[in-house]
Structure formats: C-alpha cells, structure tokens
Amino acid sequence: MVAIVIHGGAGRIDAADKAAYVAGLERARDAGFEVLAGGGTAVAAVLAAVTTMEDDEQAFNAGTGGSPNRDGVVQCDAAIMSSDGSSGAVAAVTRARNPILLADEVRLRSPHALIVGAGADALVAEPIGNAELLTPRTRAALARWREAQHERPEGSATVGAVALDEAGMLAAATSTGGLLGKWPGRVGDAPLVGAGTLATRRVGVSCTGDGEAFIRAVTAKGLADRFDAGMELSAATRLALDEVAAQGANGGLIVLTADGVIACGFNARDMAYAWRTGEGAEAVVASEPGVRLAGVATGVGS
C-alpha cells in the first residue's frame, strides 16, 4: 500500500491560473507516485513531488516563481521530515533553485534541525543569482502590489507533499517563497516542524496559508496529537483549521495516515491539491471549503 497527497497552496487562485495549477499538480503527484510504485522511499517521493513544483514557472510559490519580499528579493523556506524522526529545514534562502533539497541536506548531513539566511545559502552547491528565481508572473505580481500601495503582505501558494511507502514509513515536505511583499527576513510556518510540517509514525501533515496563525496554533502537532489521542481524522483536521480561523486567518492542510487515509481541508477561498493511491487519483483547485477524506481505508473519494 502506497499513497501520496500534495498541495499547491490555499488562498485566492485566479481563474486564469487554475489550468496551470492542475497540470502542475498532476506532474508533481505522478512524479512522487512513480517513486513509490518503484519501491522508493516516502522521503524520495516527497522530494520528487516538491522539486517538480519548485521548478514550475507557471504556478505555485516555491523555488523558481517564489513570491518576492517588499524589496523584490525571493527568500524561500522549506522543511522535510521522516517518520523515523529525522528532519531538516532552511529559511530565508536566496540562492537555491530547490530549497527542499537543501533542507534534506540539513537533515542528512548536519547536526542541526534548521539553518537560516547566509548560513543556509552557504550550503548551496551551485548557487544562483536571486533574480533567476523571479519570473514574469512574480515580477508582475510585485508590481501590482507596489502600485496598490499595500502595507500588508498577501497571498500564499506554498507547496507540500506527504507520502506513505511500502515499508509503512511516512514523510512530509513543505516549500514556499512566503508572502508577497513580506518584510525581509520573515519566516513562516513551512520550515517549522510541528507548525507547518510534521511526520510521525502515524500521520504526516503539510500546511499552507497564513503562516503566522499556523505557527501560533502549532497546527501540525496539534492535529497529530488529537489523532493519536483517538479523535477521528476529519474532526482533528477541522479543529486544526478552526484554530487558525479563530485568529482571523485562513489556509489549508493535507494529511496522510499510516493506514493510507488522506485528508484535504481548507477554510480559504481556494485550495490546490492532488492525491494518488493504487486505487485512484485526483487533482483539483477546489473552491468549496471543508474537509474531504480519500484513500485506502475509506474507499477512494469518500
């Protein structure tokens, strides 16, 4: 039994962009599932899925096409965690095409859990100029934000993936450019284990949305703790989103359990997500907030 669920962000996704999002979700989902179907690990699967989305110039907010801060600089955050307990994360990275691979380097080769800023950039084997991460889409978005004279950062299209491999291991990964127009040095929930990313023996979680609220609610850990205590998965997912909403914020999250049950939930206007198991698959930009379950134990699409 193998499964993968991914997301491409929750928030406001323009109708003109939805086709690019769905196509990108399908490519990333299938890249990850092919790893699993070939006997690969959950870690390898989430890396394949997330790097595919980081490299997508037409959609998403991670790696190439990550949202620039108010000074026009792309600063990316990413984290990966395995249910064996290992994790790695980077934040405020400016010179990496694939921040999630850098996070995995921290997991595998450093004594640390999180490395930020210049220290993280120093780990990039083939550093690039920051301008290479900007695309016509993100340059135009920053120009519109500046023209409107916004004071507050906006938007979210963080990417993430959770996978279950044939050995029963789970892995979760999240990568983001953060909020458009954010203050330089701002870090969201994506690289924070327990807030935006988590993998335990029983459940994997990746979050997206208003990162400050997910940090304050310690969303991923709270959901996992309630599930471990016996709460039904859909109820635990709804409560996690309610805690975000109580702060006047919104977003979404994906969850995958060790017995193959998938949950996708959001309280934003839209959420882009996809999943695939041996029994079925889906990729969608959904506009009906709520929690939906799918996967092996529930029957596909239940």
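Before any of the text, the structure's been laid out above.
A brief structural summary. Owing to the predicted nature of the structure, the values given are computational and were not obtained by experimental measurement. (Residues numbered from 1 in each chain as written. Predicted model: local features only at pLDDT ≥ 70, side-chain atom pairs only at ≥ 80, totals over all residues. Heavy atoms only, no water.)

## Observations regarding the pairing of strand β1 (residues 3–11)
- Buried residues dominate β1, accounting for nine of its nine residues.
- Of the strand pairs in this sheet, β1 and strand β5 (residues 159–164) are connected by five bridges, and their pairing is antiparallel. Bridging across to β5, His 7 finds its partner in Gly 160. (Buried < 20%, exposed > 50% of the residue type's maximum accessible area, 1.4 Å probe, protein only. Helix = DSSP H or I, 4+ residues; strand = E, 2+ residues; numbered from the N terminus. Pairing = 2+ DSSP bridges.)

## A few points about the sheet that holds β1
- Strand order in the open sheet formed by eight strands is β4-β3-β2-β6-β5-β1-β11-β12, with mixed pairing between adjacent strands. Two strands close off the open sheet at either side, each with one partner strand: β4 (114–116) and β12 (281–286). Strand after strand, the sheet turns through a mean of 5 degrees between neighbouring axes, direction not considered.
- In the sheet, strand β2 (residues 76–82) pairs with strand β6 (residues 170–176) via six bridges, with the strands oriented antiparallel. (Axes fitted to C-alpha atoms, helices over the stretch in contact; angles between N-to-C directions.)

## Points about the nonpolar core
- With 42 residues, the main nonpolar core has Val 5, Leu 223, Leu 233, Val 255 and Leu 256 as its most contacted residues.
- Once you skip the residues sitting within four places of it in the chain, Leu 223 turns out to touch Val 205, Leu 233, Ala 236, Thr 237, Ala 240, Leu 253 and Val 255. (Core = buried A, V, L, I, M, F, W, Y, C linked by side-chain atoms within 4.5 Å. Contact = heavy atoms within 4.5 Å.)

## A closer look at the pattern of salt bridges
- Applying the stated rule across the entire model yields 12 salt bridges.
- Between Arg 97 and Glu 132 there is a salt bridge whose closest N-O contact spans 2.6 Å. Here the residue Arg 97 occupies a position in the loop between β3 (87–93) and α3 (99–109), and Glu 132 occupies one in the loop between α4 (117–121) and α5 (136–147), the gap between them amounting to 35 residues.
- Through salt bridges that share partners, Arg 29, Asp 30 and Arg 276 make up one connected network. (Salt bridge = Lys/Arg side-chain N within 4 Å of Asp/Glu carboxyl O.)

## Here's the deal with the environment of Gly 9
- Turning to its location among the elements, Gly 9 is positioned in strand β1.
- For Gly 9, a relative accessible area of 0% translates into the label buried.
- Expressed as a C-alpha distance, the spacing of Gly 9 and Arg 202, which sit 193 residues apart in the sequence, is 24 Å.

## Some points on the packing of aromatic side chains
- For the structure on display, the rule yields one aromatic pair.
- Ring centres of Tyr 21 and Phe 60 lie 5.0 Å apart, and the angle between their planes is 70 degrees; this geometry places the pair in the edge-to-face category. Linking Tyr 21 in helix α1 (residues 18–37) with Phe 60 in the loop between α2 (42–54) and β2, this pair joins segments that are 39 residues apart in sequence. Comparing Tyr 21 with Phe 60, the two get one shared label, buried. (Phe/Tyr/Trp six-rings, centres within 6.5 Å; stacked < 30°, edge-to-face > 60°.)

## With respect to empty space enclosed by the protein
- Counted by the stated rule, this structure contains one cavity of 30 Å³ or more.
- The computed volume of the largest cavity comes to approximately 80 Å³.
- Lining the largest cavity are 14 residues, and of these Thr 158, Thr 176, Gly 178, Arg 186 and Gly 209 sit closest to its centre.
- Looking at the lining of the largest cavity residue by residue, the class counts come to three nonpolar, nine polar and two charged. (1 Å grid on protein atoms, 1.4 Å probe; cavity = no way out; pocket = protein on both sides within 12 Å on 5 of 7 lines; lining within 4 Å. Points joined across faces, edges and corners; volume = space filled by probe spheres on them. Nonpolar A, V, L, I, M, F, W, Y, C, P; charged D, E, K, R; others polar.)

## Things to note about the environment of Phe 214
- If you trace the backbone, Phe 214 turns up in helix α6 (residues 211–217).
- With a relative accessible area of 0%, Phe 214 lands in the buried category.
- Placed 20 residues apart in sequence, Phe 214 and Gly 194 show a C-alpha to C-alpha distance of 9.4 Å.
- Excluding its chain neighbours within four sequence positions, the residues that come into contact with Phe 214 are Asp 189, Ala 195, Cys 207, Thr 208, Gly 209, Thr 219, Val 244, Asn 250, Gly 251 and Gly 252.

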